[in-house]
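Each chain is listed here by its residues.
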Amino acid sequence: MNALLLSAFLGVIMMFSGILLRSKAAVRNLAIGGLVLLLVVNMLELCGTVFFPIDTKGMIVFDNFALLFNTIAFAATLIYLLLSARDMEKVGINYAEYFALIFFILCGITLTSSFKSLLILFLGIEIISIPLYILTGSDKRNLKSNEASLKYFLLGSFSTGLMLMGIALIYGTSGTFDTTSIGAFTATAPSALMIAGMMLLLFSMAFKASVAPFHFWTPDVYDGAPTVFTSFMATIVKAAVFIAFIRLFDDAFGFRDKQWRLFVGILTVATLFIGNITAVFQQSVKRMLAYSSIAQAGFMMLALYAMNTDAKEGLLLYTAAYSFATIGIFAVLIKMKDYTFEGFNGFAKQQPLLAATTTIFLLSLAGIPLTAGFLSKFYMLKATLGTGKNLWLVIFAVVMAAVSVYYYFRVIQAMYFKEGEGQAIEVSRPFKWTLVILAALVILLGIFPNLLLQALYF
Amino acid sequence: MGITQILFLFLSVVALFSALMVITSKNPVYSVLWLIATFFAISGHYILLNAQFLAIVNIIVYAGAIMVLFLFVIMLMNLNKESEPRKNRWLKLAGAVAGGCLLLVLVAALRDTDIKLQKALVNQGNIGLIRNLGKELFTTYVVPFEISSVLFLSAMIGAVVIGKKE
Amino acid sequence: MPINYYIYLSIALFCIGIVGVLTRRNAIIIFMCIELMLNAVNLMLVAFSKMHHLKAAATDVATTAGTEGQLFVFFIMVVAAAEVSVGLAIIVMMYRNIHSVDVNFLNRLKH
Amino acid sequence: MIPVLLILVPLLAGMASFFLKNDKAVRSWALATSVVTLVVSVLGLTVMRSTDNLQFSCEWIQTIGSRFSVKLDGMGQLLCLLNAVAYPLVILATWNSPYKKPNNFFALMLLAQAGMMGVFLATDALLFYFFWELALIPMYFLCSQWGGNRRIPVTFKFFIYTFIGSLLMLIGILYVYANTPDHSFSMESFYRIPLSTKEQYLVFFLMFIAFAIKMPVWPLHTWQPDTYEQAPTATTMILSGVMVKMGLFGLLRWLFPVVPYASWNYGDFITPLALAGVIYASLIAIRQNDLKRLVAYSSIAHIGLMCAAAFSQNISGLQGLMIQMFNHGINIIGLWIVVELIERKTGTRKISELGGLAQKAPVLAILLVIVALANIALPLTNAFPGEFLMFNGIFSSDSKYNILFIVMAGMGIILGAVYTLNMIRKVFYGDTNELTVKVQDISWNEKWVLFVIVGIIFFLGIYPQCMLNETAPFIGPIVEKINAVKHFFNK
Amino acid sequence: MQNASHIIYLIAVLPLVGFLINGLGRKQLSKPMIGIIGSGVILASFALSIWVFLQVKSGTTGTVHYFDFINVGDLRIPFEFKIDQLSALFLLIITGVGFLIHVYSTSYMQEEKTGDYGRYFSYLNLFVFSMLLLVMGGNFVIMFIGWEGVGLCSYLLIGYWFKKQEYNKAANKAFIMNRIGDLAFLIAIFWLIQKLGTVSYDQVFTPANLAKLSTTDITAITILLFAGATGKSAQIPLYTWLPDAMAGPTPVSALIHAATMVTAGIYMIARSNLLYSMAPLTMDIVAYTGLATALLAATIALKQNDIKKVLAYSTVSQLGFMFLALGCGAYTAAVFHVMTHAFFKALLFLGSGSVIHAMGGEQDIRNMGGLSKKLKITFITFFIGCIAIAGIPPFSGFFSKDAILLSAFEKNPVLYGIALFTALLTAFYMFRLLFITFTGKFRGTHEQEHHLHESPATMTIPLIILSVLSVIGGFVGIPEALMHGGDKLTAFLSPVINVHEGHPVSHSTEYTLMGLSTVLVAIMIGFAWFKFRNYQRSEATGFGKVLENKWYVDELYDKVIVNPLHQFGGFLKNIIEKKVIDGLVNGTGRLVNYGSRQLRLLQSGQVGNYILLMVVSMVIFFVIQFFLRK
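The structure contained in this document is the topic of the report that follows. The model shown is predicted, which means the values in this text are computed figures rather than measured ones.

1. With respect to the overall build of chain C
Move 1: In terms of helices and strands, chain C carries three helices and zero strands.
Move 2: Reading chain C from its N terminus to its C terminus gives the helix and strand order α-α-α.
Move 3: With the principal axes as the frame, chain C shows a C-alpha extent of 60 × 25 × 25 Å.
Move 4: Contacts in chain C between residues at least 24 apart in sequence constitute 59% of all its contacts with a sequence separation of at least 6.
Move 5: Here chain C displays about 2400 Å² of accessible surface, and carbon together with sulfur accounts for 60% of that area.

Laid out in structure tokens, this is it:
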């Protein structure tokens, strides 16, 4: 609750800060300060101190799961701002507004992570999406940016339509929007209407989470959007959507898993396959990362497939690991002039420290042990096997993980082993240290995941 | 059959027909007008279902505001029949077939649900009235209502960010 | 009025909307078709709300069951309005740059 | 405490040496560390043998029941020792070979050592997997940073290949874990779990593939010759000397006891593969003109024999395997050192371009001959007892085809003699040519390294019992378990 | 004999010490020093052997157990020495003859550089060491160790002049051929272990254990052992390495052929005679193989012109005789022949060495002739050797060969016939050699001619000693027929070797046989004298050419075994490895790349297509959900 109100409030503040504050640095610091505040407040709530006890008529419930995820999301955003806030200046003139939008998105994230009513889910998703349409198009002179935002907008609102249809059908059978009571209802009476609604919801959520075959927007949008914002939406937003996804299906359709598990399985396989295989041949690192985000989504889908406690824990860990690593890589990528793989040749000579950290992030994404990426994938596999008799799915996932190594390591090879003078990029000392800390965090989570997960068991 | 049935059928036919016209008419301006017609028909349904509030809002917001906005944009770009881009035939066909299939599948799936015998209460029942809705909205649904303000804020900023000249 | 009629009607409208999205290239028209889909949903929601109201009213006359459905419609309209404002802005921006609203021109980003 | 030290010393030292700048300093530092490690492992073998010294365990990831538990038992002992012995030798032997960025090179080497130590020590499946990869990653970087000119694709193939394998193994581990009653990764609960026949087959293949790729067993071996050829020799020594033993070790510790029935049942399926590999590799080695590749293929042949011995699953075979793992490590390192020296002195690895070295470098020649003879298991060299026992094991295994197996394996030793002696003949005997004429004999460090190796060769060749006593108590249980299962399923 | 255990090992260890000293100090020590050390250690162990022999003779035999070599599960292989009549006898032969050869070598190898000189003697010592290990070993594994050891040493010594690649090739050939045999031996050992769980003679050769073995076991084991023996003792089919082994220095040939290596096979079979006596089938195989080898080698020897080659083939042939004897169950006869053969063959080789020495490295007898005038001692001793090998009474060869022929006759007169024929051939080619070399007129170059000289004493004295031995060596085994209790050897060996019970032939027959063989041999010698008295070189033609080319056996082996393997290796290397297996691996990678290239076309960039695909997949899912799955 704290976070919800504060984030909306901060959004408003940032909106005006553009007018009140002259220097961009001031705006940036304000935003960062606000975010720290947000993080603190949210953690306080996690520890049990709620500032504004508001009765939401059970539409929003901030349980540990939600709060823990919010913490992760805020933390990731904080790191993101620390690393890349400066680079937003390059995008356009409306510097303060970007921050405002980001805060609004965070507000939406708090909603999607804690909804108990389809209405809130709907609002949350929209609050996330609409600012994203804008951020995607914020580089107005750039045709790619425009194209990306229009594509995103059209496809996005189409999927919204699907979602609403689904909600309507569900409402038709159950007569309520409250997920828990829907769950209770589905437990007793399955009906074609309900199932159709459920599947429409599945599709629309799959779209938002860029799960194949509803993923088509992802590469284009991530590629077209200004890299700063790609970093944001590829990590934190996607994570939030997944939390919403698993929350929805756990609460509302937990009992009807026979009806959806098969399809989730198909979606998972398709996502893993398309994401990984397509990424192999990419020439631009940015686009490769877009596809890799699809591939990672495929792994997160495993959590949905398994739908047990392991899966939830794992998903939290996964979101953290994935967001941290990807943000790190993007932060370096943003500094680059040339986004192609060749652009990275000889990078290690140019910037040994950045190269080292980037390597750690890539290893984490590839799921190499001692990094958070491994343990999160490990959790996914464990959860999936825990539900029994789906070994082939797991094996497939694992083979695809091996494929993913191929394209992640292309970057490493370029940085370390390929000859090249490397692009001359200037980075500030704080930036470097933030990266190092982030890398350390990734490794720490990779060795002691409990640091994160035990928060669930207060 | 009674007046309500007749009205229902009439409105449905109008809605469907004008909806079809929306997607078939070459000239975008006509499409807009047909869409407005569709909305009117739908509002008619609302009235038939005794949901006056929504009927009004629908007319005002959709037919009134949104569609006019559309109309403005289209005229601003002065799009017309000539400038209207054409999809090639096969893609059109594919699209139509796909949509048709979806329709068939859904209808076939929902043909006999457990609620097929139930009826929607027509032209009575007062939940659709402003008094009731307003009460609900500002008591139970106040939180979502406030939240939607965030939505509008962001939309506003968006419009500014996108629209403002650099 | 049997609920099935409403279901069929709104599904039909919904699918017409989808067909429109699939068959047109004009971004604005596509967007309009999406609005059409939303309206189909609205209609269905209202019908359902009345249905539930009727069901509830059988036991308790003063019930307000079904209100939530209509309020949901209200929220959908709200969101739709917001979307329209942003969407049209984007489309206009697009038009400024390439002087067209043809989505087939959106093909710089692929593969 | 010993096992923790064995892991920590190289790990921390490795981390530290990233930051050393001066070349000599780095080398000395690495050497010192490896010597310390050696001392520790020797201590573990000799004076500090009390169990509380030899094992350590603490909470790690409670939520999924995985503990950080390591133990230095007879099975790991020899390999830890090998690992600890190998490093000083390698570092000394390559003392003069130049590396750019030596600090990174030795840092990664030490990290790899830590990883391998962990593999040999871990008694927790998840931990085992961690170290398994920790050993792999530095190797990848070593090979593709300091290797030959085809290094990048070759090493990458090596990495992907082994990585797929280990991922499958991970699934196997998870599968077993999912069936453990107390949901723990500990070795004990893994050993206790009774899986159905079908599950055993499943797990067997999931895990065996990983080990087979690591060893490597024919036909999963193609990454190996290229990698050995391209990798810097120091790395190759570690790879072939120590790392491939991880696969065999995995068989003994994580496969046979966990899925005894499948392991026993697939013996007749795996053994022919392994032995076919022996003949195959030997025949190819005969035709090799590149010294490194020749040694690589000979290594494949030896590993094939070891794998077959492992699947004989009787005391003799497994005991032979245990000591042979150690001995093969020593011998192959010796061979690599010689190859390295030849290449450094003459600038070529092409056998056809060499000749007459024996006149120019008699010491080198003698040492090579000894190592080579050890490599073909001549009596009174260390390899003989091992191979003797392994052959005996293969022959007395309860397979129907043991005669066939023994003959195939025997082909191996004959062909082994052929290519080894031909190599000696072409490289060292005959008359010198313009390449070899200017060669002078080896320097003190190389000489001493080789002397140490030769010393080990003869000592263990004459008195192998000292090692056999170490491993005996840990081989027995495995065999008993398999026999028990065997009889249970037979009746 | 526990009391002796503390010095028994010295017999073996002394040569080892010599090896180490000479090997490590070969740069520092002077030549005489090296020679003294090298020969000295052998002399010492010879003395010890005599002492041991006396001990044994006085009836104290036994096994000395030092430490556990391998002790795994219920398999225990101790490091133990067994001292009994058989090993004692062999000890004498090995160390004795070995010593003489060492002495001989000291001056024969004079020209070598000091380092090589030291290397040479260290090898010789090592050779003796392994051979001693072989005969003293108390179980089959220790025997195997020595067994491979001698193989190694022969490899080292044959390739002693390692600059010449064909010598090295010969060395490799020797080693690999031996390896093939060794494998069979090894398998036999495993078989024993599997059946009996032990390899110690004392436990294997007990009635209880022997009873455990089924007929198949015994036949298999014995055949495998014999296969091992064929490798080491140069029998068909693995004999081809021995003639090539001439590449080594002549004393080495003497050592390999006379005293040590080749007799290992005989020793092994004699050692396990109990097993063989239980396997009639194997006995036949052994007998026939031996006979065939004897005949084949003899025929080849007829046409050889290299002095050492002739002797080499004669060795093969003689070994064939020994195996014949073994096959006929006359183990004693075989051992007897080993002994006598050691004497006269060593003599002959050293003699030929002295000839070659005199001729300045010339080995082709066609370039010799009339050497008898210049090299008196050599000629006489060589002549004695020839008589001995030809089997003229009362020279040693006569008795041993007679014993063999007799046993053959007892087994089967046909065997006897062929054996006799072979013996005649032996006489013929040996005297051909003698006459061509020493009689007639000199056919070499002039500087060779005036360079001719008698060898120094260190070389001639061993010759003389050996010639004496080959004269009197036979008297230890005088047949019963000639002198009651004359066959001391059999009596001596009886505890180890069970006297075979053939149907004994009457003395009269025995006389006839002896007479027959003697007369025929004499005739043969005469014929040879008549034919080669004054020999003119002539090119061999027709069948002679076949013989000169050793029946083309080497070529056959190359064609049938070596080349195909080589080809196959190439095929594996270039086709299977590169194309098939690696092709598959890399193919997978390429497949992924290709799939990627195709799959990304799905990302067409057209919003319409995206939505269409989405809708289609939705339809499909709905269909599956509602209509396909129930």
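After that view, the rundown keeps rolling.
2. Regarding the pairing of strand 2 (residues 66-71) of chain D
Residues and elements named next belong to chain D.
Move 1: Taken together, the six bridges between strand 1 (residues 55-61) and strand 2 define a ladder with antiparallel strand orientation. Across the sheet, the residue bridging to Ser57 is Ser69, located in strand 2.
Move 2: With antiparallel pairing between neighbouring strands as the criterion, strand 1 and strand 2 make up a hairpin whose turn holds four residues, including Gly65 at a positive phi of roughly 65°.

3. Remarks on unusual backbone geometry
Move 1: Each neighbour pair has its own omega, and for Ala212(A) with Pro213(A) the value is 0°, a cis peptide bond.
Move 2: Mapping Pro213(A) onto the fold places it in the loop between helix 8 (192-208) and helix 9 (217-224).
Move 3: Going from Trp218(D) to Pro219(D), the amide bond is cis rather than trans, its omega being 0°.
Move 4: Residue placement: Pro219(D) occurs in the loop between helix 9 (197-214) and helix 10 (223-230).
Move 5: Positive phi, close to 20°, is recorded for Asn78(B), a residue that is not glycine.
Move 6: Looking at the secondary structure, you find Asn78(B) in the loop between helix 3 (52-76) and helix 4 (89-110).
Move 7: The class for Asn78(B) is exposed, based on a relative accessible area of 54%.

4. Details of the side chain of Arg366(E)
All names here are of chain E.
Move 1: Inspection of the secondary structure puts Arg366 in the loop between helix 16 (331-359) and helix 17 (376-390).
Move 2: For Arg366, the side chain forms a polar contact with the side chain of Asp364, separated by 2.8 Å.
Move 3: In contact with Arg366, not counting residues within four places along its chain, are Asn305, Arg443, Tyr535, Arg537, Glu539 and Glu548.

5. A closer look at the arrangement of the chains
Move 1: Looking across the eight pairs of chains in contact, one finds the most contacts between chains B and C.
Move 2: Nothing in chain B touches chain D, and the closest approach of their C-alpha atoms is 37 Å.
Move 3: There is a clear gap between chain C and chain D: no contact, and 26 Å between their nearest C-alpha atoms.

6. Structural notes on the interface of chain B and chain C
Move 1: Residue-level contacts link 80 residues of chain B with 72 residues of chain C.
Move 2: Three residues, Ile23(B), Phe70(B) and Ile127(B), lead the burial of chain B against chain C; their summed loss comes to 10% of the area buried on that side.
Move 3: For the interface between chain B and chain C, the tally reads zero salt bridges.
Move 4: Here chain B is connected to chain C by seven residue pairs in polar contact (both at pLDDT 80 or more).
Move 5: At the level of elements, helix 1 (3-24), helix 2 (28-48), helix 3, helix 4, helix 5 (130-139) and helix 6 (142-163) of chain B are the ones that each hand at least two residues to the side of chain B that touches chain C.
Move 6: Tallied by class, the residues present in the side of chain B that touches chain C amount to 50 nonpolar, 20 polar and ten charged.

7. Thoughts on the interface of chain C and chain E
Move 1: Of the residues lining the interface, ten residues belong to chain C; the matching set on chain E comes to eleven residues.
Move 2: Interface area, chain C with chain E, both sides summed: about 870 Å², of which 66% is carbon and sulfur.
Move 3: Inspection of the chain C/chain E interface yields zero salt bridges.
Move 4: Our enumeration of links across chain C and chain E arrives at zero residue pairs in polar contact (both at pLDDT 80 or more).
Move 5: Its residues assigned to classes, the side of chain C that touches chain E comprises six nonpolar, three polar and one charged.

8. Overview of the pattern of salt bridges
Move 1: Applying the stated rule across the entire model yields 39 salt bridges over all chains.
Move 2: Among the salt bridges present, the one from Glu343(D) reaches Arg349(D), with a minimum N-O distance of 3.2 Å.
Move 3: Note on Glu343(D): relative accessible area 24%, which makes it partly exposed.
Move 4: We note a salt bridge from Arg366(E) to Asp364(E), for which the minimum N-O separation is 2.8 Å.
Move 5: The buried category is assigned to Arg366(E), whose relative accessible area is 16%.
Move 6: On the accessibility criterion, Asp364(E) (18% relative accessible area) is buried.
Move 7: Bridged by salt links that share partners, the residues Lys157(D), Asp226(D), Glu229(D), Asp290(D), Arg293(D), Glu343(D), Arg349(D), Lys350(D) and Asp582(E) form one connected network.

9. Some details on the packing of aromatic side chains
Move 1: Scanning the model with the defined rule gives 126 aromatic pairs over all chains in all.
Move 2: A centroid spacing of 5.3 Å and a plane angle of 10° characterise the contact between Phe216(A) and Tyr610(E), whose relative ring orientation is stacked. With Phe216(A) in the loop between helix 8 and helix 9 and Tyr610(E) in helix 26 (residues 607-628), the pair connects residues from two separate chains. Taken as a pair, Phe216(A) and Tyr610(E) share a single burial class, namely buried.
Move 3: Between Phe417(A) and Tyr140(D), the aromatic rings sit 6.0 Å apart at their centres with planes inclined by 70°, giving edge-to-face as the arrangement. Taken together, the residues Phe417(A) in the loop between helix 17 (391-416) and helix 18 (429-447) and Tyr140(D) in helix 6 (residues 125-146) connect one chain to another.
Move 4: Its relative accessible area of 2% is what places Phe417(A) among the buried residues.
Move 5: The ring of Phe65(A) is capped by Lys312(A), whose NZ or CZ atom sits 5.8 Å from the centre of that ring.

10. Describing the packing of helix 14 (residues 291-312) of chain D against helix 19 (residues 402-428) of chain D
Residue and element names in this part refer to chain D.
Move 1: Packing of helix 14 against helix 19 brings their axes to within 11 Å, and their N-to-C directions diverge by 160°. One element, helix 14, and the other, helix 19, form an angle in the roughly antiparallel class. The handedness of the crossing between helix 14 and helix 19 comes out as left-handed. Residues Leu291, Leu294, Ser298, Ala301, His302 and Leu305 of helix 14 form the contact with helix 19, whose own contacting residues are Ala409, Tyr419, Met423 and Val427.

11. Structural notes on a nonpolar patch on the surface
Move 1: Together, Leu5(A), Val36(A), Val40(A), Leu44(A), Phe51(A), Phe52(A) and Ile54(A) make up an exposed nonpolar region whose accessible area comes to about 550 Å².
Move 2: Inspection of the secondary structure assignment puts Ile54(A) in the loop between helix 2 (24-47) and helix 3 (64-84).

12. Here we look at the environment of Ala346(E)
All names here are of chain E.
Move 1: On the secondary structure map, Ala346 appears in helix 16.
Move 2: The class for Ala346 is buried, based on a relative accessible area of 0%.
Move 3: On a C-alpha basis, the gap between Ala346 and Lys27 in space is 30 Å, while along the polypeptide they are 319 residues apart.

Criteria and cut-off values
Residues numbered from 1 in each chain as written. Chains lettered and ligands numbered in written order. Predicted model: local features only at pLDDT ≥ 70, side-chain atom pairs only at ≥ 80, totals over all residues. Heavy atoms only, no water. Helix = DSSP H or I, 4+ residues; strand = E, 2+ residues; numbered from the N terminus. Contact = heavy atoms within 4.5 Å. Areas by Shrake-Rupley, 256 points an atom, 1.4 Å probe, with all protein chains shown as cover. Pairing = 2+ DSSP bridges. Buried < 20%, exposed > 50% of the residue type's maximum accessible area, 1.4 Å probe, protein only. Polar contact = N/O pair within 3.5 Å; in protein donor to acceptor, adjacent residues only side chain to side chain. Buried area = accessible area lost by both parts, 1.4 Å probe. Salt bridge = Lys/Arg side-chain N within 4 Å of Asp/Glu carboxyl O. Nonpolar A, V, L, I, M, F, W, Y, C, P; charged D, E, K, R; others polar. Phe/Tyr/Trp six-rings, centres within 6.5 Å; stacked < 30°, edge-to-face > 60°. Lys NZ or Arg CZ within 6 Å of the ring centre and 35° of its normal. Axes fitted to C-alpha atoms, helices over the stretch in contact; angles between N-to-C directions. Parallel < 35°, antiparallel > 145°, perpendicular 65-115°, else oblique. Left-handed = near helix turned anticlockwise from the far one by under 90°. Patch = residues over 30% accessible without salt bridge, like charges linked within 9 Å, V, L, I, M, F, W, Y side chains within 5 Å.

As far as function goes, none of this settles anything; it's purely spatial.
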